[in-house]
Amino acid sequence: MRVRRAHRTRRAHHRAGTRRLALVLAGAAVAAGCAAGGSGSGGGLGVRDRRTAPTAPTAEAAAAVPTAHGTLLVADFGGSTVTFVDPARGPVGSVEVGTAPYGLALGADGRAWVATAEGVAVVDTATRTGLGRIPYRTGTGPVTTGEYRGGGMGIALAPDGRRLYVGVNVPGGAGVLEVVDTATRTVTATVPVGHRPFDVDVAADGREVYATGHDSYDVTAVRADTLAARRLVVAPYGERGPGSWLKPHYAVVRPSDGRLLLPFEGEKLAVLDPATGRVSVEPMTADIHQHGAALAPDGTLLVVGAAEGRDAASLTVRSPGGAERTVPLEGPHEDVAVSGDGRTAYVTGGFTREGHWDGITVVDLRSGTTRRVPAGERPLGIVVLQ
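Residue numbering note: each chain is counted from 1, following its sequence as written. Local features in this predicted model are restricted to residues of pLDDT 70 or higher, and side-chain atom pairs are both shown and tallied only at a pLDDT of 80 or more, whereas totals for entire chains, interfaces and linings draw on every residue. Only heavy atoms go into the side-chain values, all of them from the structure, while hydrogens and water stay out.

### Description of unusual backbone geometry
- The backbone of Glu 265 sits at a positive phi, close to 60 degrees, despite the residue not being glycine.
- Each helix corresponds to a stretch of at least 4 residues labelled H or I by DSSP, and each strand to a stretch of at least 2 residues labelled E; elements are numbered beginning at the N terminus. Relative to the assigned elements, Glu 265 resides in the loop between strand S17 (260-264) and strand S18 (268-272).
- Located in the positive-phi region is Asp 287, a residue other than glycine, with phi close to 55 degrees.
- For Asp 287, the location among the structural elements is in the loop between strand S19 (279-283) and strand S20 (290-295).
- Between buried and exposed lies partly exposed: a residue is buried under 20% and exposed over 50% of the maximum accessible area for its type, with that area taken using a 1.4 Å probe on protein chains only. Assessed through its relative accessible area of 8%, Asp 287 is described here as buried.

Set out below in structure tokens:
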């Protein structure tokens, strides 16, 4: 079957090692303006798509540009800033936050919380100013960059905005969920979680927090009141070790029943019931290594096909009933956000691996048409400022 052949190809590429794959992808980058990443490298910043390299607008030009469907805020994983992006024109400003920013969480008060390698940065999005950085309680070693760097990864706010939860990667060890009091801007507690917490999500009622452990094939469910933690295995292909690609990446919480949706390889949607730990599997159709996920207001699931190996990138658009269609994308992508009206998706080109480009693909979800705009330096996490 094509699915099994795709898996054999991916595993073969993985065993061949980073060096050979990087050479192949570097050649593809010359022709396509992008590159897919190798396995296990993570340190380099990758190949930049020079066709979409951002240009700094003048103050007059920035003030004159209208903001369609809300300004975007992206984490510049290849630098030390967050960039404000007009989806019609490109960057309109940036704020220094710290080394290798990864995930973003946006509060109702307009403050953005940014998980960096050095701590959680706070940004006033209305005035586009930095409000300082909260150091982690957990030691993560020297500050570095790249896919395997220590520091914050997934990040999420409690529904009432009083607590912030950030998954901290500890190179060579288990991750930690740090709890931040947003009023005092201090870390109040830490909870051990799985390895490399790519994503953090919070239940709609705020009673539980979910840290997705990429390298440990699990979701750690943490009670918000007692901080008691439970490990829930999510491994529809089995637990194959940290070198496998068949691991959980990002999750979303389905509002209708509180279950977590975790896409795998464009083949399987793992549906985790956090109350019981049971996982059911629904078929998917994209047949591609998948990363970022988001829910539109009507419950439509958006999943990024990240373009590993020879696969072409895509965005899966999955209705609440399970019907799917895919939108082709050019070059590697990582994460996705959706406009408040549910009509437009914004897919970042940052990519956790070496292949990346410095922009965003804007997807019209009704027509399936796409266009690319410049957006900072290796944009990874993204939120829409409504």
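### Describing the pattern of salt bridges
- A carboxyl oxygen of Asp or Glu within 4 Å of a side-chain nitrogen of Lys or Arg is what we treat as a salt bridge. Scanning the model with the defined rule gives 16 salt bridges in all.
- Among the ionic pairs, Asp 215 bridges to Arg 196, the shortest N-O distance being 3.1 Å. Taken together, the residues Asp 215 in the loop between strand S13 (208-213) and strand S14 (218-223) and Arg 196 in the loop between strand S11 (186-192) and strand S12 (197-202) connect sequence positions 19 residues apart. Per residue, the accessibility class of Asp 215 equals that of Arg 196, and both read buried.
- For Asp 205, the salt bridge identified is with Arg 207, shortest N-O distance 3.8 Å.
- Residues participating in the shared-partner salt-bridge network are Glu 147, Arg 196, Asp 215 and Lys 247.

### So, the environment of Val 95
- Here Val 95 shows up in strand S3 (residues 90-96).
- Val 95 sits 28 residues away from Val 123 along the chain, and the two C-alpha atoms are 7.7 Å apart.
- Apart from residues no more than four positions distant in its own chain, Val 95 is found in contact with Ser 80, Thr 81, Val 82, Phe 84, Val 123, Arg 128, Thr 129 and Gly 130. Contact criterion: two residues are considered in contact whenever any of their non-hydrogen atoms come within 4.5 Å of each other.

### Considering the nonpolar core
- Formed by 16 residues in total, the largest nonpolar core has its most connected members in Leu 302, Leu 315, Val 336, Ala 345, Val 347, Val 363 and Leu 365.
- Taken together, the elements giving at least two residues each to this core come down to strand S21 (301-305), strand S22 (314-318), strand S24 (336-338) and strand S25 (344-348).
- Leave out the neighbours within four places in its chain, and Val 347 touches Val 304, Leu 315, Leu 329, His 333, Asp 335, Val 336, Gly 359, Ile 360, Thr 361 and Val 363.
- Within the second largest apolar cluster, 15 residues are counted, among which are Ala 203, Val 253, Leu 262 and Ala 270. The criterion is simple. A nonpolar core is a set of buried Ala, Val, Leu, Ile, Met, Phe, Trp, Tyr and Cys residues joined through side-chain atoms within 4.5 Å.

### A short note on the side chain of Asp 335
- Among the secondary structure elements, Asp 335 is positioned in the loop between strand S23 (324-328) and S24.
- The buried charged residue Asp 335 lacks any salt bridge partner; its closest oppositely charged side chain belongs to Arg 149, at an N-O distance of 12 Å.
- Here Asp 335 is in contact with Tyr 250, Gly 292, Ala 293, Val 304, Tyr 346, Val 347, Thr 348, Leu 380, Gly 381 and Ile 382, once residues within four sequence places are set aside. We count Lys and Arg on the positive side and Asp and Glu on the negative side, and we leave His and both chain ends out.

Honestly, that's just the spatial picture; any functional story needs more than this.
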